[in-house]
Amino acid sequence: MHVRDTKLTVDDITGVVGIIPTPSIPTADQPGTAFSVDLDEAAKLADAMVRGGVDVLMTTGTFGECASLTWDELQSFVATVVDAVAGRIPVFAGATTLNTRDTITRGRRLGELGADGLFVGRPMWLPLDDAGIVRFYRDVAEAVPNMALVVYDNPGAFKGKIGTPAYEALSQIPQVVAAKHLGLLSGSAFLSDLRAVSGRVRLLPLETDWYYFARLFPEEVTACWSGNVACGPAPVTHLRDLIRAGRWDDCQALTDELEGALETLYPGGNFAEFLKYSIQIDNAQFQAAGFMRTGPTRPPYTEVPESYLAGGREAGKNWAALQQRYASLAVSNH
């Protein structure tokens, strides 16, 4: 096994790992639009995340529209985010593609643009079994040895859950420092996967699950992931501060508020149905919250039942109210 060259380790992944969307211009939903990214808004959003107390930033995942950005757009967006963050917190850039070679090529280039690490989902044209998953991440790690890797475990996007034995193997790869996990939505898998990585990889639950796991495993579950930070980071950074202070009753109360705010995000309470339209629903949520400015989603992810959008908008408005309430309380460490 090769020696780690990356500067980031699992210990650097603590607090709030914020995942941001890719702001779009008004014509982004038109297939003839050559460049759809609102770079000015991207810079403002990245800076707002840092100033709002987010500890680690990730880009170009699912609702970041990695799959529907051109390579030129993705490079420009990541470069803009890196410049705006200016080294204040780590930036992991999404580099998911349909094959190993393109992921490596993108990873190398994103490192040249200044990203500290890569947020990587596996190829999904056909599902990969656990052996294929481990081989994929090992190949990427060996080809881009100076980049820390965050594994993207999204069963809906990647046609299956990463198995617990695969997690154990992935935790032996030096560059793998964290994994974006579904937490409670994966049933008992989070606990099995947590045991398998044995502290070598930071498993990231959703912010709405963080309190439950942090109370049980305070030394291991020291971070969460949140896409809702794009609706305003204050509720999640305040939760972080409560967890660090061990104020468990307050953590429970705030978690209840977060869950209530997001109740309409999943159509009819159905997470599987949400996954079919998550890009469009999340975009409606971000627009309604008003913390950032974004235009429409990009082709082909533009069609969605109107009732699903309504649920996303309601969740966004609910979160905006929490952002306003907690903005004066969330304490930034930056």
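Conventions used here
Residues numbered from 1 in each chain as written. Predicted model: local features only at pLDDT ≥ 70, side-chain atom pairs only at ≥ 80, totals over all residues. Heavy atoms only, no water. Helix = DSSP H or I, 4+ residues; strand = E, 2+ residues; numbered from the N terminus. Rg over C-alpha atoms; globule rule 2.2 N^0.38 Å. Buried < 20%, exposed > 50% of the residue type's maximum accessible area, 1.4 Å probe, protein only. Contact = heavy atoms within 4.5 Å. Areas by Shrake-Rupley, 256 points an atom, 1.4 Å probe, with all protein chains shown as cover. Lys, Arg positive; Asp, Glu negative; His and termini not counted. Charge placed at Lys NZ, Arg CZ, Asp CG, Glu CD. Salt bridge = Lys/Arg side-chain N within 4 Å of Asp/Glu carboxyl O. Phe/Tyr/Trp six-rings, centres within 6.5 Å; stacked < 30°, edge-to-face > 60°. Lys NZ or Arg CZ within 6 Å of the ring centre and 35° of its normal. Pairing = 2+ DSSP bridges. Right-handed = clockwise from strand over helix to strand, strands pointing away. Polar contact = N/O pair within 3.5 Å; in protein donor to acceptor, adjacent residues only side chain to side chain. Core = buried A, V, L, I, M, F, W, Y, C linked by side-chain atoms within 4.5 Å. Expected span 1.5 Å × (residues − 1). Arc of directions from axis to C-beta. 1 Å grid on protein atoms, 1.4 Å probe; cavity = no way out; pocket = protein on both sides within 12 Å on 5 of 7 lines; lining within 4 Å. Points joined across faces, edges and corners; volume = space filled by probe spheres on them. Nonpolar A, V, L, I, M, F, W, Y, C, P; charged D, E, K, R; others polar.

> Help me understand the overall build of the protein in this model?
Of the regular secondary structure elements, the protein holds 13 helices and eight strands. A compact globule built from 334 residues would reach a C-alpha radius of gyration of about 20 Å, and the protein, at 18 Å, matches this within 12%. Based on the C-alpha atoms only, the size of the protein along its principal axes is roughly 50 × 50 × 40 Å. Considering the protein as a whole, with its 334 residues, one finds that 56% of them fall into the buried category. Long-range pairs, those at least 24 residues apart, make up 75% of the contacts in the protein between residues at least 6 apart in sequence. For the protein, the accessible area works out to roughly 13,300 Å², and carbon and sulfur atoms hold 52% of it. Computed over 28 positive and 39 negative side-chain charges, the inter-centroid distance for the protein is 3 Å.

> Mind showing me how you'd approach the pattern of salt bridges here?
Note on pairing: side chains with opposite charge can pair once their charged atoms come close. This model, assessed by the stated rule, comprises 15 salt bridges. Of the charged contacts in the structure, one is a salt bridge between Arg298 and Glu65, with a shortest N-O distance of 2.8 Å. With Arg298 in the loop between α12 (278-289) and α13 (306-326) and Glu65 in the loop between β2 (56-58) and α2 (71-85), this residue pair connects regions lying 233 residues apart in the sequence. Taken as a pair, Arg298 and Glu65 share a single burial class, namely buried. A salt bridge links Glu306 to Arg313; the nearest nitrogen and oxygen atoms lie 2.8 Å apart. Beyond isolated ion pairs, a larger network of salt bridges with shared partners links Asp38, Glu41 and Arg293.

> Can you walk me through the packing of aromatic side chains in this structure?
Aromatic ring pairs are described here by two measures, namely the spacing of the ring centres and the angle between the planes. Following the criterion strictly, the structure yields eleven aromatic pairs and no others. Seen in terms of ring centroids, Phe136 and Tyr137 are 5.0 Å apart; in terms of plane orientation they differ by 70 degrees. Their pairing is edge-to-face. When the centroid spacing of 5.0 Å and the interplanar angle of 55 degrees are considered together, the rings of Tyr266 and Phe274 count as tilted. By way of ring pairs, the aromatic residues Phe119, Tyr152 and Phe158 are connected into one cluster. Cation over ring: Lys180 sits above Trp225, and NZ or CZ is 3.8 Å from the ring centre.

> What is the right way to read the pairing of strand β6 (residues 176-180) from this model?
The side chains of a regular strand alternate, residue by residue, between the two faces of the sheet. Counting buried positions along β6 gives five out of five residues, so the element sits mostly inside the fold. Pairing analysis gives four bridges linking strand β5 (residues 148-152) to β6, with the strands arranged parallel. The residue bridging Tyr152 from the neighbouring strand is Lys180, located in β6. Pairing between β6 and strand β7 (residues 202-204): three bridges, direction parallel. Bridging across to β7, Ala179 finds its partner in Leu203. Read as a crossover between parallel neighbours, the route from β6 over helix α7 (residues 189-197) to β7 is right-handed.

> What should I look at first to understand the side chain of Glu65 in this one?
Exposure remark for Glu65: the relative accessible area of 3% places this residue in the buried category. In this structure the side chain of Glu65 is engaged in a polar contact, spanning 2.8 Å, whose partner is the backbone nitrogen of Arg298. Non-local contacts of Glu65, meaning those with residues more than four positions away in its chain, are made with Thr22, Ile279, Thr297 and Arg298.

> It is not clear to me how the nonpolar core should be interpreted in this structure. Could you clarify?
One recurring pattern in soluble globular proteins: nonpolar side chains tend to sit buried together. Judged by nonpolar contacts, the single largest core of 107 residues is most densely connected at Leu57, Phe92 and Leu110. Tallying contributions element by element places α2 first for this core, with eight residues.

> Just to check I follow, could you spell out α13 for this structure?
Between its first and last C-alpha, α13 extends 30 Å over 21 residues, near the 30 Å set by a 1.5 Å rise per residue. Looking only at α13, the buried set comprises Tyr308, Leu309, Gly311, Gly312, Ala315, Gly316, Trp319, Leu322, Gln323 and Tyr326. For α13, the angular spread of the buried residues around the axis is 155 degrees, confining them to a single face. Exposed residues lying more than 90 degrees from the buried face of α13 are Ser307, Lys317 and Gln324.

> What is the right way to read the layout of surface pockets from this model?
Where empty space is left becomes clear once a probe the size of a water molecule has been rolled over the atoms. In this structure, the largest pocket occupies an estimated 1,100 Å³ of space. Along the walls of the largest pocket sit 48 residues, with Thr62, Tyr152, Asn154, Leu275 and Ser278 positioned nearest its centre. Looking at the lining of the largest pocket, the elements with two or more residues in it are α5 (155-158), α8 (207-216), β8 (223-226), α10 (248-261), α11 (271-276) and α12. Its residues assigned to classes, the lining of the largest pocket comprises 25 nonpolar, 14 polar and nine charged. When its volume is computed, the second largest pocket comes out at roughly 170 Å³. Considering the residues around the second largest pocket, the lining is formed by Asp29, Gln280, Asn283, Ala284, Gln287, Ala288, Pro296, Thr297, Thr302, Val304, Leu309 and Arg313. Contributing elements (two or more residues each) for the lining of the second largest pocket: α12 and α13. No other element matches the five residues that α12 contributes to the lining of the second largest pocket.

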